[in-house]
Amino acid sequence: MLLLLGLCLALPLCAGSQEEERSWSDTSEQVGLRVPRQLRLLQRLKTKPLMTEFSVKSTIISRYAFTTVSCRMLNRASEDQEVEFQMQIPAAAFITNFTMLIGDQVYQGEIIGREKKNGDRVKEKRNKTTEHNGEKGTEMFRASLVIPSKDKAVLLLSYEELLQRRLGKYEHIISVRPQQLVGRLTVDVNILEKSGIASLEVLPLHNSRQKGSGRGEDDSGPPPSTVINQNETFAKVIFKPSVVQQAKIAQNGILGDFIIRYDVNREQSIGDIQVLDGYFVHYFAPKGLPPLPKNVVFVLDSSASMVGTKLRQTKDALFTILHDLRPQDRFSIIGFSNRIKVWKDHLISVTPDNIRDGKVYIHHMSPTGGTDIDGALQRAIALLNNYVAHNDIEDRSVSLIIFLTDGKPTVGETHTPKIINNTREAARGQVCIFTIGIGNDVDFKLLEKLSLENCGLTRRVHEEEDAGSQLIGFYDEIRTPLLSDIRIDYPPSSVEHATKTLFPNYFNGSEIIIAGKLVDRKLDQLHVEVTASNSKKFIILKTDVPVEPQKQRSDIPGSPSPKGNGEEDPNHIERLWSYLTVKELLSSWLWSADEQEKERLRQQAQALALSYHFLTPLTAMKLKKSVPATDRLEDAYGMSAAMGPETVMQSLRGGSSRPGPTLKKLYEPRIKISKTSVDGDPHFVVDFPLSKLTVCFNIDGQPGDILRLVSDHMGSGVTVNGELIGAPAPPKGHKKQRTYFRIITILVNKPQRYYLEITPNRVILDGGDRLVLPCNQSTVVGSQGLEVSVSANANVTVTIQGSIAFVILIHLYKKPAPFQRNHLGFYISSSKGLSSSCHGLLGQFLNQDARLTEQPARLSQNFTHPPSSQPGGGSEPVLKVKEHRVPVVWKQRKIYNGEEQVDCWFARNNAAKLIDGRYEDYLAAHPFDTETTFGLRESRGL
């Protein structure tokens, strides 16, 4: 028996039947009228098993859709017959199960790791195509099987997907293409939205690109026989055309896409947050905000391959898009082939005259030459960067590139990884690139990665009559940016394994979705904070969401209980979380350039996909022949049209469909604390990575002293000072008192001046407008070249120009002892942007290395293990740093975040022989003092 399954490139669905029809048609032409039409029809029917039933059941709960396709076939011929089952599914969906019942044999799908080679399996070729759905990607599932003579077969296919909001609507698409007229054809969709259904419509069947298909009698409304029942939170849509109605739509049984569009009510500004059994999902789609100004460069391929319809339709679409620009926007146009043709060498304002001139420029573009993708992107990014750098932009704006091409790079830089790297380095996360691939010859993988790595989206447009409208439709998705630099925070003590929480932009009509696991399932309320930028404002939203029990899918009105075999229904929010997490891991795995990181991501994605039974590029489906249990399986098949996919899957498994244990740790910690730091009493730690040496020293200052930690005012424009606070020493200690840092101040002087004052309780940011951020609430704010991120009661991260990063740890005591004080620790996370002239108690070592000039007895070569300390066993080790020779001893201590042990060489006597000058040389006159005794004298002025 032949068992061949596959997810393949979407080819014309009726290819097999059309070839069959052509062969019989050719025969009839050769023999003329000697074969009666009725006999030819009977001969055709004998060669093709009959599909007696085709039903699709979808259950959508809070935008997450479970879909099961059930198909019953009958072989009426006197010999065994081969048949191919085909089902077009959304590219974003994960197949979760496939089962075949052939005669009295059961073949059940099992998800396994892809590295295994044994057994029949579903071959996963994630080749996305838009052959049948325009800009909406689809994939083709195929199964070839042989049905014994006079016998029947039942096929069950289940898949899951999270619906994405575009232009203010969710769209659920079901392919209805059985390839023949079916006696019983049913599409049954149940929608349950806790927040309420605001609008719902069923579109006419969409199948314009499928040859041989037709339209129903009425193209303006739902397909014939569609019934819609709806109340405030629940909707049921049934499409059940008779054979006659099917024939009026398409006699070959290729009816098309059954499309439901709907939206939900939105009242809370912070979004819709739902919690169920230890998992939560957060839908964030604010409305009523003023649009952000756009800085946009349109980059249009004008190479020779664009000749004809493609260029004409693209020009027409751009004419429409230019008229849609707002007065506060700025724009320019670039045409490219083997030459880069820039309309204006700077961004210009939106005026009627400028729009007219832009249209004239586009109109006169003529196709010629090759395709220099890299050169065009570099010029577009340079235009945007120059505009932002040389203009005093009061309002926050969003910089976009809309890039259209129909081919592959043929001129200039043609190596794909190099193009991607060049673009990433030039954009620096400040420019979002939206790519549009026109036609079938485009390098869609390149465009996809360019957008993915530069906060954009990508679409494929087909060469056909409505290509222009597809371009306009894509632009409509990004025409109205409302927010930028969005960050959504939940308390780390309450939430773990949350999906992505940082988003560069939010466009009107779209939606941001985050899911995660709760640390405590009995949590009464979940604290949520959203920070973002809109025009001149930083927006900070926060609320406490009550955690209430939510109805499971079995409580959907009008649906029978799905607990037919004693198993509970799965947690749809948990499934949604696993779906999003696997998608993010797969995306990171696909584009990672680091082999070690790539393998770690692969293992995590595969483990989670196996746990939740998702067919992905890293998993496969093996068919197992099960023990015959015809009655039970027939019952399961009968229920499938009424009860949804999970019921069928449970019945076929004969056990629970609950996934296995999840990954204990999916992600690395958000912030990695470096060794180069000062914390505690205060203890300084300096890491010298080249020589693999770590050096420690203490500074015994006085309460009120302000120490200069990093002094690079004349270089990168950054100065960091720390003010000490005193406390009594512990009893029986050798010290008279302890000192800690109570305030860390950071002065940033380039490209503009910012003052940061950080205490254990608050962060004050002054860059013209004064902003006060409490340290007990997670938030993030940013401006040109500066980002400040607060993780509640844990740390503050300050990132400057993307190349300098400081982490300030917050140490709090619930019941402090007399010798304890709430204080701060200062850690240099990234020093790439600091200049070679950087100084200060920590800064002077950042561009230096150290080595041991005299080694004690039996000292290990890499200096990472303590030496043996025997009297007279060897000379005292001496450390050489710059021109200093410093006697040191071996010490072990914990870094003050408590997570890392530090073995170090300790410099005694307040580091007198280690640091340049004396302790007094590092005292600042005031918190934002930039003067230093070393090198050039700098101004004290604020």
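Residues numbered from 1 in each chain as written. Predicted model: local features only at pLDDT ≥ 70, side-chain atom pairs only at ≥ 80, totals over all residues. Heavy atoms only, no water.

Draft legend 1. Quick look at the nonpolar core. Of all hydrophobic cores here, the largest spans 58 residues; its most connected members are L709, I746 and F826. If you look at the next biggest cluster of nonpolar residues, it comprises 53 residues, including F54, F85, M87 and F98. (Core = buried A, V, L, I, M, F, W, Y, C linked by side-chain atoms within 4.5 Å. Buried < 20%, exposed > 50% of the residue type's maximum accessible area, 1.4 Å probe, protein only.)

Draft legend 2. Representation of the pairing of strand 18 (residues 279-284). Most of strand 18 is tucked away: six of the six residues are buried. Here strand 17 (residues 272-276) pairs with strand 18 via five bridges, running antiparallel. What sits directly across from V275, in strand 18, is F280. Joining the antiparallel neighbours strand 17 and strand 18 is a turn of two residues, in which D277 adopts a positive phi near 50°. In the sheet, strand 18 pairs with strand 29 (residues 512-518) via six bridges, with the strands oriented antiparallel. Within strand 29, the position partnered with F284 by the bridge is I512. (Helix = DSSP H or I, 4+ residues; strand = E, 2+ residues; numbered from the N terminus. Pairing = 2+ DSSP bridges.)

Draft legend 3. Region of the structure containing the pairing of strand 26 (residues 481-489). When you tally the buried positions in strand 26, you get eight out of nine residues, the bulk of the element. For strand 26 and strand 28 (residues 502-507), the ladder comprises five bridges, and the chain directions are antiparallel. Counterpart to I486 in the pairing with strand 28 is F503. Looking at chain direction, strand 26 and strand 30 (residues 525-534) are connected through four bridges and run antiparallel. Paired with I488 across the strands is V530, a residue of strand 30.

Draft legend 4. Fine view of the state of the cysteines. Here the structure, examined in full by the defined rule, presents two disulfides. One disulfide in the model links C432 with C455; its S-S distance is 2.0 Å. Looking along the S-S bond of the C432-C455 disulfide, the torsion reads about -105°, which is the left-handed sense. Placement of the pair is C432 in strand 24 (residues 432-438) and C455 in the loop between helix 8 (444-452) and strand 25 (458-461), with a sequence separation of 23 residues. Numbered by order of appearance in the sequence, the disulfide-linked cysteines of the chain pair as 1-2, 3-4. (Disulfide = S-S within 2.5 Å.)

Draft legend 5. Inspection of the pattern of salt bridges at higher detail. Under the definition given, this model contains 30 salt bridges. One salt bridge in this structure joins R266 and D263, with 3.0 Å as the shortest N-O distance. As far as burial versus exposure is concerned, R266 and D263 are alike and both buried. Of the charged contacts, one joins E477 and R459 as a salt bridge, the two residues approaching to 3.0 Å between their closest N and O atoms. You can see E477 sitting in helix 9 (residues 467-478) and its partner R459 sitting in strand 25, a full 18 residues away along the chain. A relative accessible area of 12% places E477 in the buried class. (Salt bridge = Lys/Arg side-chain N within 4 Å of Asp/Glu carboxyl O.)

Draft legend 6. Broad picture of the sheet that holds strand 31 (residues 537-546). Taken in spatial order, the four strands make up an open sheet running 28-26-30-31, and their pairing is antiparallel. Either end of the sheet is taken by a strand with one partner, and the two such strands are strand 28 and strand 31. On average, each strand axis in the sheet is tilted by 25° relative to the strand beside it, whichever way the strands run. (Axes fitted to C-alpha atoms, helices over the stretch in contact; angles between N-to-C directions.)

Draft legend 7. Representation of the packing of aromatic side chains within the structure. Following the criterion strictly, the structure yields 25 aromatic pairs and no others. Between the aromatic rings of F239 and F258, the centroid separation amounts to 5.1 Å while the plane-to-plane angle is 15°, which identifies the pairing as stacked. Taken as a pair, F239 in strand 15 (residues 234-239) and F258 in strand 16 (residues 256-264) lie far apart in primary sequence, 19 residues in all. When its relative accessible area of 0% is taken as the criterion, F239 is described as buried. When the centroid spacing of 5.5 Å and the interplanar angle of 35° are considered together, the rings of F331 and W343 count as tilted. You can see F331 sitting in strand 20 (residues 330-336) and its partner W343 sitting in the loop between strand 21 (340-342) and strand 22 (348-349), a full 12 residues away along the chain. (Phe/Tyr/Trp six-rings, centres within 6.5 Å; stacked < 30°, edge-to-face > 60°.)

Draft legend 8. Expanded view of helix 10 (residues 572-591). Compared with an ideal rise of 1.5 Å per residue, which puts 20 residues at 28 Å, helix 10 spans 29 Å between its outermost C-alpha atoms and is within 8% of the ideal. Where burial is concerned, most of helix 10 is hidden: 15 out of the 20 residues are buried. Where helix 10 begins, the capping side chain belongs to N571, and its oxygen is found 2.9 Å from the backbone nitrogen of I573. (Expected span 1.5 Å × (residues − 1). Polar contact = N/O pair within 3.5 Å; in protein donor to acceptor, adjacent residues only side chain to side chain.)

Draft legend 9. The side chain of Q179, seen in detail. By the element assignment, Q179 lies in the loop between strand 11 (169-176) and strand 12 (184-192). Looking at Q179, the relative accessible area reads 13%, which means it is buried. Here the side chain of Q179 touches Q86 through a polar contact of 3.5 Å, side chain to side chain.

Draft legend 10. Representation of the sheet that holds strand 13 (residues 197-202) in the model. Strand order in the open sheet made by the four strands is 10-11-16-13, with antiparallel pairing throughout. The sheet terminates laterally at strand 10 (165-166) and strand 13, the two strands that pair on one side only. Strand direction decides the pairing type here: strand 13 and strand 16, joined by five bridges, are antiparallel. Within the sheet, the bridge partner assigned to V202 lies in strand 16 and is I260.

Draft legend 11. Structural view of the side chain of S451. Checked against the element boundaries, S451 lands in helix 8. Residue classification places S451 among the buried positions, given a relative accessible area of 1%. Among the polar contacts made by the side chain of S451, one reaches the side chain of T435 at a distance of 2.8 Å. Every residue in contact with S451, bar those within four places of it in the chain, is listed here: I433, F434, T435, G456, L457 and T458. (Contact = heavy atoms within 4.5 Å.)

Draft legend 12. Fine view of the environment of K882. As for its position among the elements, K882 is in the loop between strand 48 (878-881) and strand 49 (884-894). The spacing of K882 and Q848 is 34 residues in sequence and 6.9 Å in space, taken between C-alpha atoms. Leaving out residues up to four positions away in the same chain, K882 has contacts with Q844, Q848, D849 and D916. Among the polar contacts made by the side chain of K882, one reaches the side chain of D916 at a distance of 2.9 Å.

None of this, on its own, says anything about what the molecule does.
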